[in-house]
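Listed below are the residues making up each chain.
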Amino acid sequence: MTVEPQLRTHALKAQEHAGSGRSGVSLSSAESLQVLHVITAMNLIRMNLGMYPPGHSRITESTDHAFEMIQPILQKKPELLIGFAGDTLTFGETAPDKEKKNIAFREYARSLDNLRIVSFTLHRGLKKEDLTEFNRILSAKPADIWALGKIESVFTGAGITGIKVKVIDADHFRLGEK
């Protein structure tokens, strides 16, 4: 299978964009550390959604915790872009290797990759319900999500307005001889 050159370029640009911070603005070391904790908290939501029934207190607690961590970041800037390359999440300035190779990061990146999501942006106005539904989709079986249609429409149908995703569109892949 070969990937059309423009798709490869799109994927590289998305990764560069995610790694450089939104609009060329890098995160400070303190903000990078905050984001490291946010991703860990979001992975906990995803895991709890997979382990507990809807409405369980563990889901509510983890969502509340992540939401409280995200709000100070979104008060300083209107959005926060988080992307990944392979099994490493990227954002703002480079995080220390030991942080990027953290198991929670790899698991979260893998759950994004399973749905071909290359980045997501948290927007000011984010609601707790957005976090819950976003991570509910990430915790589902990819085949179940793909059966519902294009990922962007699945997120829209779930009522998620405070998180936007960028995906690699499978329609750009084609079989070819090398």
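Described in the following lines is the structure provided in the data block. (Residues numbered from 1 in each chain as written. Predicted model: local features only at pLDDT ≥ 70, side-chain atom pairs only at ≥ 80, totals over all residues. Heavy atoms only, no water.)

### A few points about the pattern of salt bridges
Formally: Within this document, salt bridges are pairs made up of a side-chain nitrogen of Lys or Arg and a carboxyl oxygen of Asp or Glu, the two lying within 4 Å of each other. Helical segments are the DSSP runs of H or I of at least four residues, strand segments are the runs of E of at least two, and each set is numbered from the N terminus. The buried label goes to any residue with under 20% of its type's maximum accessible area, the exposed label to any with over 50%, and the partly exposed label to all in between, with areas taken from a 1.4 Å probe on protein chains only.
Taken as a whole and assessed by the stated rule, the structure comprises three salt bridges. Arginine 46 is paired through a salt bridge with glutamate 107; the nearest N and O atoms lie 3.7 Å apart. In this pair, arginine 46 sits in helix H2 (residues 29-51) while glutamate 107 sits in helix H5 (residues 103-114), placing the two residues 61 residues apart along the sequence. Residue classification places arginine 46 among the buried positions, given a relative accessible area of 14%.

### Quick look at helix H3 (residues 57-76)
To keep it simple, the criterion reads: A helix's residues, less one, multiplied by 1.5 Å, set its expected span. The quantity called bend is, for any residue, the angle between two axes fitted respectively to the seven residues ending at it and the seven beginning at it.
Between its first and last C-alpha, H3 extends 30 Å over 20 residues, near the 28 Å set by a 1.5 Å rise per residue. Approximately 25 degrees is the largest bend angle found in H3, and it occurs at isoleucine 70, with the proline proline 72 only one to four residues beyond. Looking at H3, one finds that the buried residues are Ile59, Ser62, Thr63, Ala66, Phe67, Ile70, Ile73 and Leu74.

### Here we look at the packing of H3 against helix H6 (residues 128-139)
Our working definition: Orientation is described by axes fitted as lines to C-alpha atoms, over the contacting stretch for helices, and by angles from 0 to 180 degrees between their N-to-C directions. Angles are sorted into four bins: roughly parallel if under 35 degrees, roughly antiparallel if over 145, roughly perpendicular if 65 to 115, and oblique for all others. Note on convention: the crossing is left-handed when the near helix lies turned anticlockwise from the far helix by less than a right angle, right-handed when the turn is clockwise. Any two residues whose heavy atoms approach within 4.5 Å are treated as being in contact. Asp, Glu, Lys and Arg are counted as charged, while Ala, Val, Leu, Ile, Met, Phe, Trp, Tyr, Cys and Pro are counted as nonpolar; the rest, among them Gly, fall into the polar class.
Between H3 and H6, whose axes approach to 9 Å, the crossing angle comes to 120 degrees. Here H3 lies oblique to H6, going by the angle between them. Crossing angle aside, the handedness with which H3 passes H6 is right-handed. Where H3 approaches H6, its residues Thr63, Asp64, Ala66, Phe67 and Ile70 are matched on the opposing element by Lys128, Leu131 and Thr132. Grouping the amino acids of the contact of H3 with H6 by side-chain chemistry returns four nonpolar, two polar and two charged.

### Remarks on a nonpolar patch on the surface
So the rule is basically this: Only residues whose relative accessible area exceeds 30% and that form no salt bridge are eligible for patches; like-charged ones are grouped when within 9 Å, while nonpolar side chains (Val, Leu, Ile, Met, Phe, Trp, Tyr) are grouped when within 5 Å. Accessibility throughout is a Shrake-Rupley quantity obtained with a 1.4 Å probe, and a residue counts as covered only by protein chains that appear here.
A cluster of nonpolar side chains, Leu44, Met47 and Met51, forms an exposed patch at the surface whose accessible area comes to about 270 Å². With respect to the helices and strands, the residue methionine 51 is situated in helix H2.

### So, the environment of leucine 112
One can find leucine 112 in helix H5. On the accessibility criterion, leucine 112 (1% relative accessible area) is buried.

### Observations concerning H5
Heads up, the condition is: Regarding the arc, it is the one traced by the directions from the helix axis to the C-beta atoms.
In this model, H5 (12 residues) spans 16 Å end to end at C-alpha, consistent with the 16 Å of a helix rising 1.5 Å per residue. Regarding H5, the residues found buried are Ala104, Phe105, Tyr108, Ala109, Ser111 and Leu112. Each buried residue of H5 sits inside an arc of 160 degrees when the element is viewed along its axis, so together they form one side. At the C-terminal side of H5, arginine 116 shows a positive phi close to 60 degrees.

### Here we look at the nonpolar core
Most often, soluble globular proteins have nonpolar side chains that are buried together. To keep things clear, this is the line we draw: Here, nonpolar core refers to any group of buried Ala, Val, Leu, Ile, Met, Phe, Trp, Tyr and Cys residues whose side-chain atoms link them within 4.5 Å.
Counting residues in each nonpolar core, the largest one holds 38 residues, and the members touching the most others are Met42, Ile117, Phe120, Leu122, Leu131 and Phe134. For this core, the elements supplying multiple residues, two or more each, are H2, H3, strand E2 (79-85), H5, strand E4 (117-123), H6, helix H8 (151-157) and strand E5 (163-167). The element best represented in this core is H2, accounting for eight residues.

### Re the packing of aromatic side chains
This is how the line gets drawn: By convention, a stacked pair of Phe, Tyr or Trp rings (six-membered ring in the case of Trp) has centres within 6.5 Å and planes under 30 degrees apart, an edge-to-face pair has planes over 60 apart, and any other such pair is tilted. Two conditions define a charge sitting above a ring: the NZ of Lys or the CZ of Arg must be within 6 Å of the ring centre, and it must be within 35 degrees of the ring normal.
Applying the stated criterion across every chain yields a total of three aromatic pairs. Considering the side-chain rings of phenylalanine 120 and phenylalanine 134, the 5.1 Å spacing of their centres and the 45 degrees angle between planes classify their relative orientation as tilted. Here the residue phenylalanine 120 occupies a position in strand E4, and phenylalanine 134 occupies one in helix H6, the gap between them amounting to 14 residues. Each member of the pair, phenylalanine 120 as well as phenylalanine 134, is classed as buried. An aromatic cluster is defined as three or more aromatic residues linked by ring pairs; in this entry it consists of Tyr108, Phe120, Phe134 and Phe155. Here the guanidinium or amino end of arginine 116 rests over the ring plane of tryptophan 146, the centre of that ring lying 4.5 Å away.

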